[in-house]
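Spelled out, the chains give:
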Amino acid sequence: MVETNLPVIFLRDVVLLPYNELRIELSTPLEKSILRISEHNHDNHLLFINLDDSLEEKPSIRKLPKIGILGRIKTKLELPNGVVRLVVTGLDRVEVLNYVTNDDDSYEAFVIPTKEYDYDELEAIALKRILLKDLNDYIDISASISNNVLGRIGGVNSLSRLSDIVVFELPFEYNTKVKYIEISNPISRIKNVIRDLNREMETVKLENRIDDDLKERLDEEQKNYILKEKIKLIKEEINEVDIKDNDIVKLNSKINEGDYPEYIKKRLDEELNRYELTSPVSPEMSIIRNYIDWLASLPWNKSTKDNKDIQDIREKLDGTHFGLESVKNRIVEYIAVTKIKKKNKSPILCLIGPPGVGKTTMAKSIADALNKKFVKISVGGVHDEGEIVGHRRTYIGACPGRIIQGLKRVGVNNPVFLIDEIDKLTKDYKGDPASALLDVLDKEQNSSFIDNYIEEEVDLSNVLFILTGNDEDKIPDALKDRLEIINLSSYTMHEKEDIALNYIIPKLSNHYDINLKLTSNDIKEIIIHYTRESGVRQLERCIDTIFRKILIDGKTKKDAKITDYLGNYKYRTILNEKDSYVGVINALGYTPYGGCIQKVSVLSYPGNGEIHLTGMLGDILKESTEVAVSFIKANSILMEIDPNVFKNNDFHIHFEGASVQKDGPSAGLAIMTSLISLLKKKEIETTVSMTGEITLRGKVLPVGGVKEKVLAAINNNVKSIYVPIDNKEDVREIPSELLKGIKIKYINNYLELYNDIF
């Protein structure tokens, strides 16, 4: 063999030695890539390396061994499930001079042949005879190896080959076999084989003696206790006390010292008696033992003392989160009532709002402010109700649900318990997790919650449950009825600036130990040109990028601009178009991620009066279109529109952004206006936008998400917004400084808008 580079394959739990064959399976894209490189560039040769830690995914080069096994692919079979099955042959040991990590996280190694050793022929002959004699003796007394190994070594004179074949065939442990890879000297290797083989023979002799003694002491009536007696004999041999008896003593002590309700203490004593009487060979033993452990580990009477200093709580909440006044006020109210009335049930709060507005982190801050422990579970995508209320103990691998697991993990019965992504629960044949949460989140019932695994009442009334979600409409009504919904709206530009300057930058400055000064204009530039979000997550990522680049450069660049750190602008200031067209109108939409501008376009062409709708629209939007068409037909004389236009032409209404599902009644106003714009051939300026539900009588009904819609309109250079008069109070919640230069027009009937525009 000559010096060469070879791709590296890591072996875990199996060992390949020279002169032997091994079957392995490759399943990951990286392993398959290494296999292709071996086939195309290295004549099917690979370097096989065994890791000390078989669970390590990306080992350090410094910890990799200096001796590996050169192997060659003998056969390859690609299975239907994508797995590649190989049979590889070990060729020789090689010395690794250095390892190299490639861009795709694969490894290569520069290898050379291992050092050759001279040895005394007489000593070699003697060692070979000793090995063959010991091997024959081992085969005679052990059932774990057949005499096929004798056929493999028949006629083999090479000590190196002889030792490698014997080690490969013997039932040595993984770590024992791995050490033989490092032993290059054949004399040293065969001496180690003889020593390990003799140790293995002594172990087998001891096992056989125990079996023989056991068979002499047992009769027909005791056959069911063979395993138990065998364990006793082994323990007698090593002078060890009975593990189960010792375990029962510890459990009994734990139960007597623990603070448990009377009914739990009684149940624990009953289960401990069952455990004591159960045979060690019974499958019930581990089930009973696990149940006792869960029952004894739950915090039945353990709790923390709440912080009831209202001023301190308020300061802590203000110190971690800007705004979110509705949440903070509710927590202060809860503490104030608790101070007056000691038996006050914890509220079930549900924070609904776009991503990034601080729902999850606010829950953690509430726990810190109240001096409570904090535990979080995420139920997004959960479709098995057993995940919530546990599984019956009769099932293999049964365990309590996530509520009980969370209480055990946190160790107290009055934590702040965050249930994240409540609007993303799913339902299938395994059950309905949302229904399973009804008992947990009902203040009148959760004092006696029963988990299917625990089977005893657990008091959850002291737990402060906080749920989070993005879309209130996706929460089932029965569950929503038990929740105290607090809606968190999108942050305004001013609020984002304040959060960045007073929270994000100080936090990152402390983390990176860099005193960075960003002006209000810098923050605005980042918000406008690098983020499109309701919260501040992307804003924090951008500022974090600036900190990292300054840390790498070592100092702030002189006269540096934001683009020097974040690159070219991702977004332009205005998404809205400047040019207006007939039949095109700006509708205001709302998503769980904030408000948006939605272009509604209408075209007509000769036809039979059919209406075509595109843009991934839901049923409510389609009904809004029918209402709009009927209203125009009924008022065609008033609007000076030829009523026959709907008989002789087809109309195509399209909502731009066809990859996004759209639904809801709030586009009714925009659909009506775009149709009239087309029929009267009058352009609507792009600085005009609107939202509202329309009825057959022309009445404009209120809609949701008005604050987010108005903020989206402001960010898109809209100057005039038509809003239902019943949404006037929603607009008043928007800071007045944001509405400067914006004209909000409140309408009660569509004809008011018609007279204003047309």
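Positions within a chain are numbered from 1, following the residues in the order the chain's sequence is written. The predicted nature of this model means local features are confined to residues of pLDDT at least 70 and side-chain atom pairs, given and counted, to a pLDDT of 80 or more, with totals for whole chains, interfaces and linings taken over all residues. Note that water and hydrogens are dropped before the side-chain values are worked out from all heavy atoms of the structure.

A. How the structure looks around the overall build of the protein chain. In DSSP terms, a helix is any run of H or I states spanning at least four residues, a strand is any run of E spanning at least two, and both are numbered starting from the N terminus. When helices and strands are counted, the protein chain shows 28 helices and 22 strands. To get the radius of gyration, use the C-alpha atoms; to get the globule rule, take the number of residues to the power 0.38 and multiply by 2.2 Å. Relative to the compact-globule value of 27 Å for 758 residues, the protein chain shows a C-alpha radius of gyration of 37 Å, a clear excess of over 25%. Counting only C-alpha atoms, the protein chain reaches 115 × 75 × 65 Å along its principal axes. Only protein chains enter the accessibility calculation, which uses a 1.4 Å probe; a residue whose area is less than 20% of its type maximum is buried, one above 50% is exposed, and one in between is partly exposed. Looking at the protein chain as a whole, 46% of its 758 residues qualify as buried. The contact criterion used throughout is that any non-hydrogen atoms of two residues lie within 4.5 Å. Pairs at least 24 residues apart make up 73% of the contacts formed inside the protein chain by residues separated by at least 6 positions. Here, Shrake-Rupley sampling with a 1.4 Å probe gives the accessible areas, and only protein chains in the shown set may cover a residue. Accessible surface, the protein chain as shown: approximately 39400 Å² in total, 48% of it carbon and sulfur.

B. Expanded view of the pattern of salt bridges. Between Lys or Arg on one side and Asp or Glu on the other, a salt bridge is scored when a side-chain nitrogen of the former is within 4 Å of a carboxyl oxygen of the latter. Across all of its chains, the model carries 35 salt bridges by this definition. With its nearest N and O atoms 2.8 Å apart, the salt bridge here joins R93 to D164. In this pair, R93 is assigned in strand β5 (residues 84-101) and D164 in helix α4 (residues 159-169), connecting sequence segments 71 residues apart. On the accessibility criterion, R93 (3% relative accessible area) is buried. Each of R267, E271, R274, E284, R393, E455 and E456 takes part in salt bridges that share partners, so that together they form one network.

C. Spotlight on the sheet that holds strand β12 (residues 464-469). For two strands to count as paired, DSSP must find a minimum of two bridges between them. The 5 strands lie next to each other as β8-β9-β12-β7-β13, forming an open sheet whose pairing is parallel. The open sheet terminates on both sides in strands that have one partner only, identified here as β8 (374-378) and β13 (484-487). For this sheet the average axis-to-axis angle between neighbouring strands, irrespective of direction, equals 20 degrees. As paired elements, strand β9 (residues 416-420) and β12 share 4 bridges and run parallel to each other. Residue V416 lies in a different strand from β12, and its bridge partner there is L464. Fitting a line to C-alpha atoms yields each axis, with helices limited to the stretch in contact; the angle taken between N-to-C directions then spans 0 to 180 degrees. The strands touched by helix α15 (residues 402-410) are β8 and β9; relative to β8, the strand with the most contacts, the crossing angle is about 150 degrees.

D. Local environment of helix α18 (residues 493-512). Fitting axes to the seven residues that end at a residue and to the seven that start at it, the angle between those axes gives the bend at that residue. Of all the bends found along α18, the most pronounced is centred on A500 and spans about 40 degrees. Along α18, the positions that sit buried rather than exposed are E495, K496, E497, I499, A500, Y503, I504, I505, L508, S509 and Y512. As for α18, its buried residues are in contact with α11 (310-320), α19 (520-530) and α20 (537-553). Directly after α18, the chain includes D513, whose backbone phi takes a positive value near 60 degrees.

E. Molecular detail of the pairing of β9. Of all 5 residues in β9, 5 are buried, a share of seventy percent or more. Judged by which residues are buried, β9 turns out to be covered on both faces: V416, L418 and D420 on one side and F417 and I419 on the other are all buried. Where β8 lies against β9, 5 bridges are found, and the strand directions are parallel. Paired with S378 across the bridge in β9 is D420.

F. Here's a closer look at the packing of helix α22 (residues 619-634) against helix α25 (residues 668-679). Contact pair α22 / α25: the axes reach a minimum separation of 9 Å and the direction vectors enclose 45 degrees. Between α22 and α25, the crossing angle belongs to the class labelled oblique. The crossing of α22 and α25 is right-handed. Note on element contacts: α25 touches α22 through G668, I671, M672, L675, I676 and L679, opposite L621, S624, T625, A628, V629, F631 and I632. Each residue gets one of three labels, nonpolar for Ala, Val, Leu, Ile, Met, Phe, Trp, Tyr, Cys and Pro, charged for Asp, Glu, Lys and Arg, and polar for the others, Gly among them. Residues belonging to the contact of α22 with α25 are distributed by class as follows: 10 nonpolar, 3 polar and no charged. Note on angle classes: values under 35 degrees are labelled roughly parallel, values over 145 roughly antiparallel, values of 65 to 115 roughly perpendicular, and the remainder oblique. It is the rotation of the near helix from the far one that decides the hand of a crossing: anticlockwise by less than a right angle makes it left-handed, clockwise makes it right-handed.

G. Representation of the packing of helix α2 (residues 121-141) against α4 within the structure. Interhelical geometry of α2 versus α4 gives an angle of 20 degrees and a closest axis separation of 11 Å. Regarding the angle of α2 to α4, the classification is roughly parallel. For the element pair α2 and α4, the recorded crossing hand is left-handed. Counting all contacts with α2, which are made through A124, K128, L131 and L135, the residues of α4 involved are L159, L162 and V166. Residues that form the contact of α2 with α4 fall into these classes: 6 nonpolar, no polar and 1 charged.

H. Structural context of helix α26 (residues 706-715). α26 sits mainly inside the fold: 8 of its 10 residues count as buried. Among the residues of α26, those classed as buried are V706, K707, E708, K709, V710, L711, A712 and A713. N717 sits one or two positions beyond α26 and adopts a positive phi of about 65 degrees.

I. Just the side chain of S720, in detail. You can see S720 is positioned in strand β21 (residues 720-724). Residue S720 is classed as buried on the basis of its relative accessible area, which comes to 10%. Other than its neighbours up to four places away in sequence, S720 contacts T687, V688, S689, K743 and K745.

J. Region of the structure containing the environment of L407. On the secondary structure map, L407 appears in helix α15. A residue is classified by how much of its surface remains accessible, and L407, at 4% relative accessible area, is buried. Separated by 34 residues in the primary sequence, L407 and K373 place their C-alpha atoms 9.9 Å from one another. Residues in contact with L407, not counting those within four places in the same chain, are P299, V412, P415, F417, V458, L460 and V463.

K. Quick look at a negative patch on the surface. In this scheme, patches are assembled from residues that exceed 30% relative accessible area and form no salt bridge. Like charges are connected within 9 Å, while nonpolar side chains (Val, Leu, Ile, Met, Phe, Trp, Tyr) are connected within 5 Å. Charge assignment in this entry is limited to Lys and Arg as positive and Asp and Glu as negative, and neither His nor the chain termini are counted. Charge positions are represented by NZ for Lys, CZ for Arg, CG for Asp and CD for Glu. Together, E577, D579, E656 and E683 make up a negatively charged patch on the protein surface. Looking at the secondary structure, you find E683 in the loop between α25 and β18 (688-690). Residue classification places E683 among the partly exposed residues on the basis of a relative accessible area of 44%.

L. Quick look at the pairing of strand β6 (residues 107-113). Looking at chain direction, strand β1 (residues 4-11) and β6 are connected through 4 bridges and run antiparallel. Paired with P7 across the two strands is E108, which belongs to β6. With 7 bridges connecting them, β5 and β6 associate as antiparallel partners. Opposite V100, over in β6, you have E108 as the bridge partner.

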